[in-house]
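In case you want the letters, here they are:
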Number of protein chains: 4
Amino acid sequence: MVSAHRYPRRVQFAETDLAGMVHFSWYLRYVEEAEHALWRAAGLSIHDPSSGVGFPRVAFSIEYHAPLHFEDEFEVDIRIEALSTKTIRYRSVVRRADEAVASSTHTAVCVERGVEPMKAVPLPDAIRERLAAAGAS
Amino acid sequence: MVSAHRYPRRVQFAETDLAGMVHFSWYLRYVEEAEHALWRAAGLSIHDPSSGVGFPRVAFSIEYHAPLHFEDEFEVDIRIEALSTKTIRYRSVVRRADEAVASSTHTAVCVERGVEPMKAVPLPDAIRERLAAAGAS
Amino acid sequence: MVSAHRYPRRVQFAETDLAGMVHFSWYLRYVEEAEHALWRAAGLSIHDPSSGVGFPRVAFSIEYHAPLHFEDEFEVDIRIEALSTKTIRYRSVVRRADEAVASSTHTAVCVERGVEPMKAVPLPDAIRERLAAAGAS
Amino acid sequence: MVSAHRYPRRVQFAETDLAGMVHFSWYLRYVEEAEHALWRAAGLSIHDPSSGVGFPRVAFSIEYHAPLHFEDEFEVDIRIEALSTKTIRYRSVVRRADEAVASSTHTAVCVERGVEPMKAVPLPDAIRERLAAAGAS
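Residues numbered from 1 in each chain as written. Chains lettered and ligands numbered in written order. Predicted model: local features only at pLDDT ≥ 70, side-chain atom pairs only at ≥ 80, totals over all residues.

1. Topic: the overall build of chain A
We count it as follows: Note on conventions: DSSP H or I runs of at least 4 residues are helices, E runs of at least 2 residues are strands, and numbering of each starts at the N terminus. Exposure in this text rests on C-beta crowding, where 20 or more other C-beta atoms within 10 Å of a residue's own make it buried, 12 or fewer make it exposed, and counts in between make it partly exposed. The C-beta atoms are placed from the backbone. C-beta atoms are placed from the backbone for every residue, and two residues are taken to be in contact when these atoms lie within 7 Å.
Scanning chain A from terminus to terminus reveals two helices and seven strands. The order of α-helices and β-strands along chain A, N terminus first, is β-α-β-β-β-β-β-β-α. Projecting the C-alpha coordinates of chain A onto the three principal axes gives extents of approximately 45 × 35 × 25 Å. When burial is assessed residue by residue, chain A has 40% of its 137 residues classed as buried. Long-range contacts, defined here as pairs at least 24 residues apart, represent 69% of the contacts in chain A between residues at least 6 apart.

Here is the structure:
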């Protein structure tokens with residue numbers, strides 16, 4: 001079972017803005033890339049055509065501590081902070097070397113794919129068997 | 001029937017890069033926004049759930065003449081250059097005031113949605129009745 | 001003096017993802033577009049070459065209530081919730097017709113442009129004269 | 001001297017659109033990421049603060065052969081097709097396994113950074129010593 005993952009990445013040119021640093025919206029994509037890499041490390045795909053479920057976000061909260069720049073190498077440390085019947089809450093820290101440049105919490109809810117209005121459903125067993133909360137840290 | 005459209009737009013912060021100008025990939029999105037606005041002007045949607053067809057691009061060619069900057073106001077002048085049984089070719093010019101800052105040609109093909117490998121199919125009559133080639137100019 | 005602004009927008013194709021709705025990272029850009037439109041309504045630019053200051057974000061928190069879809073028309077209602085010597089806190093609601101589809105809070109800090117590590121500086125008078133907190137609501 | 005580079009990549013969720021495939025604008029960013037990786041393989045950075053020059057694109061032409069999907073692994077094979085005094089022309093093929101899914105040509109011009117209107121200048125020797133045209137293939 002997987003409860004945490006470290007995802008390495010490099011800043012690309014298109015992710016910067018005219019202030020000369022990474023645009024703040026990109027950090028949410030970095031964290032999402034790490035989340036999906038965590039799922040792959042668990043042998044899962046966040047968008048498995050056979051599962052019938054999807055994981056829209058219901059909340060995302062992020063603090064920015066220092067800017068990232070073009071070609072910086074960094075890591076996203078993501079862990080599952082809580083796992084309820086229908087939701088998963090993640091905690092992530094974006095680090096450049098030993099410096100935390102951003103930290104975030106986000107919550108995804110399990111829904112039946114293609115059904116609107118969305119309705120939360122229990123996480124399928126095939127997913128629950130492979131993901132676990134990381135515990136306090 | 002609609003064969004051309006003028007689409008006004010303003011440069012947003014997230015569209016710029018650390019060189020202080022709009023990232024070159026954004027022009028394709030500006031042109032696509034204009035294309036979809038042309039369809040709306042014709043009473044159509046490029047992604048009509050009831051039509052069963054989609055319009056992936058098969059080719060896009062663009063020349064950049066001058067940079068756009070943050071908060072610049074500009075227009076995309078798009079017209080249908082050619083309309084065959086299964087494809088639509090567009091010609092677009094991105095203008096700031098009277099200056100052409102980019103010009104492009106792109107071709108979209110009509111395919112049955114959700115079928116892979118993709119196969120070109122004839123444009124539905126409901127679409128063909130509302131779009132027309134602009135003729136030489 | 002300006003303390004609130006309503007910004008109209010339409011969902012573009014490139015803003016959707018394979019789940020058939022707007023990708024969650026795009027809401028931060030919608031809110032930022034509204035913020036910069038509020039500044040323009042006050043006769044200001046968030047990136048005025050002559051001001052010497054910039055406004056990086058230090059925190060962004062958002063809740064998603066319902067999905068937006070391709071070609072949806074919506075509005076961002078943004079207001080200045082608090083204005084301190086060196087920071088501005090905004091509160092925004094993204095609405096489609098009468099439905100709130102997302103709500104957010106974010107904080108920007110005034111820094112001297114081009115100086116790293118960043119250091120907060122007081123808002124210039126030329127900006128402070130034109131922006132005001134909206135008060136409770 | 002470097003004249004070609006192979007850049008591996010995986011499709012991320014935010015790069016897909018509601019048609020269930022990678023949005024066509026993303027391929028330009030994939031090719032640009034490969035271009036900058038080629039520069040790094042040559043010991044260079046496309047945005048070296050000490051060089052004083054930048055490389056805006058003047059033309060980009062791309063053909064799309066087949067769609068990429070979420071989590072697909074692919075490679076960009078990029079090579080320098082021609083190197084003149086002031087410009088570099090690249091040729092790229094995006095491949096998934098043995099299938100070419102897109103192919104492109106783009107041209108960048110060397111300009112003095114921060115000067116507008118832009119004016120082409122000769123490539124600095126420090127760059128010219130490390131990049132070479134790949135020759136016909």
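Now that the structure is up, let's keep going.
2. Brief notes about the relation of the copies chain B and chain C
We count it as follows: Superposing the copies works by least squares over the C-alpha atoms of residues that have pLDDT at least 70 in both of them.
The operation relating chain B to chain C is a screw motion whose rotation component is 180°, with 0.0 Å of axial translation and a residual RMSD of 0.0 Å. Look at the turn and shift together and you get a two-fold axis relating the two. Residues of chain B ranked by C-alpha distance from the rotation axis are headed by Arg9 of chain B, positioned 5.6 Å from it.

3. Things to note about helix α1 (residues 26–41) of chain C
What counts here: Helix span is expected to be 1.5 Å times the residue number reduced by one.
When the terminal C-alpha atoms of α1 of chain C are compared, their 23 Å separation across 16 residues agrees well with the 22 Å that a helix rising 1.5 Å per residue should span. Taking burial as the measure, the 16 residues of α1 of chain C include 12 buried ones, the bulk of the element. Residues Trp26, Tyr27, Leu28, Tyr30, Val31, Glu32, Ala34, Glu35, His36, Ala37, Leu38 and Trp39 of chain C constitute the buried set of α1 of chain C. Contacts made by the buried residues of α1 of chain C are with α1 (26–41) of chain A together with β1 (4–10), β3 (57–64), β4 (73–83), β5 (87–96) and β6 (99–109) of chain C.

4. Here we look at the interface of chain C and chain A
For clarity, the threshold we go by: Side-chain classes follow a simple rule in which Ala, Val, Leu, Ile, Met, Phe, Trp, Tyr, Cys and Pro form the nonpolar group, Asp, Glu, Lys and Arg form the charged group, and the remainder, Gly included, forms the polar group. In this analysis, strands are considered paired if DSSP registers two or more bridges between them.
Contact residues are listed per partner, giving 18 residues for chain C and 18 residues for chain A. For the side of chain C that touches chain A, the secondary structure elements donating two or more residues are α1 and β3 of chain C. Residue composition of the side of chain C that touches chain A, by class: 11 nonpolar, four polar and three charged. As paired strands, strand β3 (residues 57–64) of chain A and β3 of chain C are joined by five bridges and run antiparallel to one another. Considered in β3 of chain C, the bridge of Ala59 of chain A is made with Glu63 of chain C.

5. Re the relation of the copies chain C and chain A
Look at the two chain copies: a rotation about an axis and a shift along it is all it takes to match them. Superposing chain C onto chain A takes a rotation of 180° combined with a translation of 0.0 Å along the rotation axis, leaving an RMSD of 0.0 Å. A shared interface surface links the copies, since 100% of the contact residues of chain C are contact residues in chain A too.

6. As for the pairing of strand β3 (residues 57–64) of chain B
Successive side chains on a regular strand alternate, one facing one side of the sheet and the next facing the other. As defined by bridge partners, β3 of chain B adjoins strand β6 (residues 99–109) of chain B across seven bridges and the pair is classed as antiparallel. Across the sheet, residue Tyr64 of chain B finds its bridge partner in β6 of chain B, namely Ala102 of chain B.

7. Section: the environment of Ser103 of chain B
Tracing the chain through its elements places Ser103 of chain B in strand β6. Judged by the 18 C-beta atoms lying within 10 Å of it, Ser103 of chain B is partly exposed.

8. Thoughts on α1 of chain A
The inward-facing, buried residues of α1 of chain A contact β1 (4–10), β3, β4 (73–83), β5 (87–96) and β6 (99–109) of chain A together with α1 of chain C. Positioned one or two residues after α1 of chain A, Gly43 of chain A has a phi angle of 80°, which is positive.

9. Some details on the confidence of the model for chain A
The line we're drawing: You can read pLDDT as the predictor saying how much it trusts each residue, on a scale of 0 to 100.
Across chain A, the average pLDDT comes to 96, with 99% of residues at or above 70. On the interface metric, ipTM, the complex scores 0.96, and its pTM is 0.98.

10. Thoughts on the sheet that holds β5 of chain A
To keep things clear, this is the line we draw: Where helices are involved, their axes are fitted lines through C-alpha atoms of the stretch in contact, as for all axes, and angles between N-to-C directions lie from 0 to 180°.
With respect to topology, 10 strands assemble into an open sheet ordered β1(A)-β4(A)-β5(A)-β6(A)-β3(A)-β3(C)-β6(C)-β5(C)-β4(C)-β1(C), the strand pairing being antiparallel. Pairing within the sheet leaves two strands with one partner each, and these edge strands are β1 of chain A together with β1 of chain C. In this sheet, adjacent strand axes meet at a mean angle of 15° when their direction is disregarded. Inspection of the sheet shows β5 of chain C paired to β6 of chain C by 10 bridges, in the antiparallel sense. Each residue of the ladder has a partner; that of Ile88 of chain C, found in β6 of chain C, is Ala108 of chain C. In the packing of α1 of chain A onto the sheet, contacts are made with β1, β3, β4, β5 and β6 of chain A, and the angle to β1 of chain A comes to roughly 130°. Against the sheet, α1 of chain C makes contact with β1, β3, β4, β5 and β6 of chain C, and its axis sits at roughly 130° relative to β1 of chain C, the strand it touches most.

11. So, the sheet that holds strand β1 (residues 4–10) of chain B
The strand order β1(B)-β4(B)-β5(B)-β6(B)-β3(B)-β3(D)-β6(D)-β5(D)-β4(D)-β1(D) describes an open sheet built from 10 strands, whose pairing is antiparallel. Sheet topology places β1 of chain B together with β1 (4–10) of chain D at the edges, where each strand pairs with a single neighbour. Neighbour-to-neighbour, the strand axes of this sheet turn through a mean angle of 15°, independent of strand direction. Bridge count between strand β4 (residues 73–83) of chain B and strand β5 (residues 87–96) of chain B: eight bridges; the pairing is antiparallel.

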